[in-house]
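# Secondary and tertiary structure notes
Listed below are the residues making up each chain.
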Amino acid sequence: MSSNRLQTVDFTVPLFSFNFQVFIRQPDVRMNWNHYLSPFSHRVWSSLVLLLLQITVVLTIMYRLARYYGYINIVHPNFVYDAFFYIFTLLFCQQGHVPPVKNGPIHLVFLVTTLTAMVILAAYSAALVSSLAIESTQLPFNSFEGLLADGSYKLGVVKHSAVLTLFKDAEEGLFKNLFEKMMDTDLNDFPANEWNGLSRICADKKFAFMAPREFVISTIQKMRCRIVGLPQAVIRVSMSIPVMRKSPYIGLLNHNLCRLRSSGLLQGLQMRILFPEQNEQTNPTVIVKLENVAILLLVLFVGVIISLMILVVERKRRS
């Protein structure tokens, strides 16, 4: 339905409605250190560091009081450093330790710290696994305005379609700017159908294509690349039946179409005929890629290198 067509024919009430959305190629995943810090807020991380220092101070005070009143006879010259190390590994590494001294109150502090560390680890692990299992794509933009401001993409639609007319006939505003700055001047360069447009996204990562969301959902698993839609770049488009202008039967047609819509038959036809594969869609298995755990592997590699360097230094000192 377009302004030119409205001057020639009349249209019935909408048969189907589609959400035309702009789709782009999914950006490449980049390593992000914040990905492993995001399960806890800055306040929680600060509280954990403060808790580490407080427990170390409490253990040191308890040790000195126990020494002063004669409950402990063993002299531990590096108790402060050992207590800090023990509490750090308990809170952040879940590493068990034998308390440096045999004292009931000190053992109780270690027990409470261990239980607290178990709860903290369970909460962190659950949040981290959820963030890894649910992909959150960082889009360069999410709207028509962002697409226009970026300026590096080409926007395409199916040629000779009503959506193209919407951009082409715009006299001012956002759609006019998109057509002049981001669309091909040669209309023959536009894709012949939706499948060709989606295939061009995989061939050109700087190409954006506008297509019915329902069609893309039904065919997205067949694409050679990952395609994502811009959440705010959506246009609602309706499909109607054209009839002769001022036809005496348009009222009868509209009446029966409204009955079909209220009974749900039109929605069923849309799902079975236009997009049959959408009904067979199953949730794809989420695969954690190497990029998602690259930071952990990097930390492990750096830790091994540092350990080997320390080992070499210690052997040279002993020799």
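As the structure is a prediction and not an experimental result, all values here were calculated from the model. (Residues numbered from 1 in each chain as written. Predicted model: local features only at pLDDT ≥ 70, side-chain atom pairs only at ≥ 80, totals over all residues. Heavy atoms only, no water.)

## Some remarks on the overall build of the protein chain
Helix and strand counts for the protein chain stand at 13 helices and 6 strands. Every one of the 319 residues in the protein chain was classed for burial, and the buried ones make up 32%. Looking at the protein chain alone, contacts between residues at least 24 apart form 76% of all its contacts between residues at least 6 apart. Accessible surface, the protein chain as shown: approximately 20800 Å² in total, 61% of it carbon and sulfur. (Helix = DSSP H or I, 4+ residues; strand = E, 2+ residues; numbered from the N terminus. Buried < 20%, exposed > 50% of the residue type's maximum accessible area, 1.4 Å probe, protein only. Contact = heavy atoms within 4.5 Å. Areas by Shrake-Rupley, 256 points an atom, 1.4 Å probe, with all protein chains shown as cover.)

## Considerations on the sheet that holds strand β5 (residues 227–239)
Consider a sheet: its strands pair through backbone hydrogen bonds, and that pairing is either parallel or antiparallel. Strand order in the open sheet formed by 4 strands is β3-β4-β2-β5, and the pairing between neighbours is mixed. Bordering the open sheet on either side are β3 (154–156) and β5, each of which pairs with just one other strand. Going from strand to strand, the sheet's axes swing by 20° on average, the running direction of each strand aside. For β3 and strand β4 (residues 207–212), the ladder comprises 3 bridges, and the chain directions are parallel. Along β4, the bridge assignment pairs Leu-155 with Ala-208. Packed onto the sheet, helix α9 (residues 194–203) meets β2 (16–25), β4 and β5 and runs at close to 150° relative to β4. (Pairing = 2+ DSSP bridges. Axes fitted to C-alpha atoms, helices over the stretch in contact; angles between N-to-C directions.)

## Concerning unusual backbone geometry
Notably, His-160 is not glycine yet its phi reads approximately 65°, a positive angle. Relative to the assigned elements, His-160 resides in the loop between β3 and α7 (162–168). Taking relative accessible area as the criterion, His-160 reaches 62% and is therefore assigned exposed.

## As for the nonpolar core
Formed by 27 residues in total, the largest nonpolar core has its most connected members in Val-22, Phe-144, Leu-147, Leu-155, Phe-167 and Met-210. Taken together, the elements giving at least two residues each to this core come down to β2, α6 (144–150), α7, α8 (174–182), β4 and β5. A per-element tally of this core places β2 first, with 5 residues. Among all residues touching Phe-167, those that are not within four sequence positions of it are Phe-144, Leu-155, Phe-175, Leu-178, Phe-179, Met-183, Met-210 and Ile-235. (Core = buried A, V, L, I, M, F, W, Y, C linked by side-chain atoms within 4.5 Å.)

## Looking at the confidence of the model for the protein chain
Per-chain confidence: the protein chain averages 79 in pLDDT, with 83% of residues scoring 70 or above. Every residue in residues 278–282 scores below 50 in pLDDT, and together they form 10 contacts with partners more than four places removed in sequence or on other chains. (pLDDT = per-residue confidence, 0-100.)

## Description of the state of the cysteines
Between two cysteines, a covalent bond joining their sulfur atoms is known as a disulfide. Under the defined criterion, the tally for this structure stands at 1 disulfide. Sulfur-sulfur distance for the disulfide between Cys-202 and Cys-225 comes to 2.1 Å. Across the S-S bond linking Cys-202 and Cys-225, the dihedral sits near -80°, which makes this disulfide left-handed. In this pair, Cys-202 is assigned in helix α9 and Cys-225 in the loop between α10 (213–219) and β5, connecting sequence segments 23 residues apart. Comparing Cys-202 with Cys-225, the two get one shared label, buried. (Disulfide = S-S within 2.5 Å.)

## Some words on the packing of helix α3 (residues 42–68) against helix α4 (residues 79–93)
Between α3 and α4, the shortest axis-to-axis distance is 9 Å and the interhelical angle comes to 140°. Compared by their axis directions, α3 and α4 come out oblique. By crossing handedness, the relation of α3 to α4 is classed as right-handed. Packed against α3, whose contacting residues are Trp-45, Leu-48, Leu-51, Leu-52, Leu-53, Ile-55, Thr-56, Leu-59, Thr-60 and Tyr-63, the element α4 presents Phe-79, Val-80, Ala-83, Phe-84, Ile-87, Phe-88, Leu-91 and Phe-92 at the interface. A per-class count over the contact of α3 with α4 returns 16 nonpolar, 2 polar and no charged. (Parallel < 35°, antiparallel > 145°, perpendicular 65-115°, else oblique. Left-handed = near helix turned anticlockwise from the far one by under 90°. Nonpolar A, V, L, I, M, F, W, Y, C, P; charged D, E, K, R; others polar.)

## A short note on the packing of aromatic side chains
For the structure on display, the rule yields 8 aromatic pairs. When the centroid spacing of 4.8 Å and the interplanar angle of 45° are considered together, the rings of Phe-167 and Phe-175 count as tilted. Each ring, one from Phe-207 and one from Phe-209, has its centre 6.3 Å from the other, and the planes form 25°; the classification is stacked. On the basis of relative accessibility, which here comes to 5%, the residue Phe-207 falls in the buried class. (Phe/Tyr/Trp six-rings, centres within 6.5 Å; stacked < 30°, edge-to-face > 60°.)

## Focus on the pattern of salt bridges
In total, this model carries 2 salt bridges according to the counting rule given. For Lys-176, the salt bridge goes to Glu-180, with nearest N and O atoms at 2.9 Å. Remark: Glu-180 and Lys-176 occur in helix α8; sequence separation between them is 4 residues, near one turn of the helix. Lys-176 sits in the partly exposed class, given a relative accessible area of 27%. (Salt bridge = Lys/Arg side-chain N within 4 Å of Asp/Glu carboxyl O.)

## Re the pairing of β4
The element β4 is extensively covered by neighbouring structure, given that 6 of its 6 residues are classed as buried. Across 4 bridges, the pairing between β2 and β4 is antiparallel. If you follow Val-22 over to β4, its bridge partner there is Met-210.

## A closer look at the environment of Pro-27
Position of Pro-27 among the secondary structure elements: in the loop between β2 and α2 (34–37). Among the residues examined, Pro-27 registers a relative accessible area of 25% and is labelled partly exposed.

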